[in-house]
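The chain contents come next:
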Amino acid sequence: METKIFSKCGMRCDLCLLYRPNVEKEDRREEICNVYRKMMPGFEPDASTIICDGCANQDENAVLFDKNCKARNCVIEKGHIHCGYCDNYPCDIFPAEPSHEEIVHKVEVEKLWTWEDEKLMEAYACKKNMDEFRRNRT
């Protein structure tokens, strides 16, 4: 059985190619950085330095992907483990994600990225992850 490790906003750290334990097992940061560059023009991550300890990490020296994440701060303030436990989920600060239709358009029409790229982004599908968590929780 897989152990799911969720970030505060619902990313799957256990699937994230930037999550330090995954990098230590198999460093695939260059792959995900290339995908980020395609999907987020102007974002130029350095694969040799980008890494994340996971926003659930309690160490004050933990390296976080986004130290100023509004969702993370909100979850901590409310005392939840992650957004999936919040009565206000999904709220206006929950991370925006492209719809399935938008993804199909980007891949098949605009050809901005590939289905393989999209598969590498699976860890970052916060809404999908949190919706699944909430369905399985009740």
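As the structure is a computational prediction, the values presented were derived from the model and not from experiment. (Residues numbered from 1 in each chain as written. Predicted model: local features only at pLDDT ≥ 70, side-chain atom pairs only at ≥ 80, totals over all residues. Heavy atoms only, no water.)

A.B. asks: Break down the side chain of Arg-72 for me, citing the residues and quoting the values.
C.D. replies: With respect to the helices and strands, the residue Arg-72 is situated in helix α3 (residues 70-78). Here Arg-72 is buried and forms no salt bridge, its nearest opposite-charge partner Asp-66 lying at an N-O distance of 8.8 Å. Those residues in contact with Arg-72, other than ones at most four positions away along the chain, are Lys-8, Cys-55, Asn-57 and Leu-64. (Helix = DSSP H or I, 4+ residues; strand = E, 2+ residues; numbered from the N terminus. Buried < 20%, exposed > 50% of the residue type's maximum accessible area, 1.4 Å probe, protein only. Lys, Arg positive; Asp, Glu negative; His and termini not counted. Salt bridge = Lys/Arg side-chain N within 4 Å of Asp/Glu carboxyl O. Contact = heavy atoms within 4.5 Å.)

A.B. asks: How would you summarise the environment of Glu-24 if you had to cite specific residues and measurements?
C.D. replies: By the secondary structure assignment, Glu-24 is in helix α1 (residues 20-25). Here Glu-24 falls in the exposed class, since its relative accessible area comes to 61%. Sequence separation between Glu-24 and Tyr-89 is 65 residues; the distance between their C-alpha atoms is 33 Å.

A.B. asks: Mind laying out unusual backbone geometry, listing which residues take part and the relevant values?
C.D. replies: Here the bond from Tyr-89 into Pro-90 is cis, since omega is -20°, no more than 30 degrees from zero. Note that Pro-90 resides in the loop between α3 and α4 (100-109). At Lys-111, a residue that is not glycine, the phi angle is positive and equals roughly 55°. Structurally, the position occupied by Lys-111 is in the loop between α4 and α5 (115-120).

A.B. asks: Quick one: what's the story with the pattern of salt bridges, residue by residue and with numbers?
C.D. replies: Taken as a whole and assessed by the stated rule, the structure comprises eleven salt bridges. Here Arg-20 ties to Asp-53 by a salt bridge, and the two come within 2.4 Å at their closest N and O atoms. Here Arg-20 is found in helix α1, whereas its partner Asp-53 is found in the loop between α2 (29-39) and α3, with 33 residues between them in sequence. Judged by relative accessible area, Arg-20 falls into the partly exposed class, the value being 26%.

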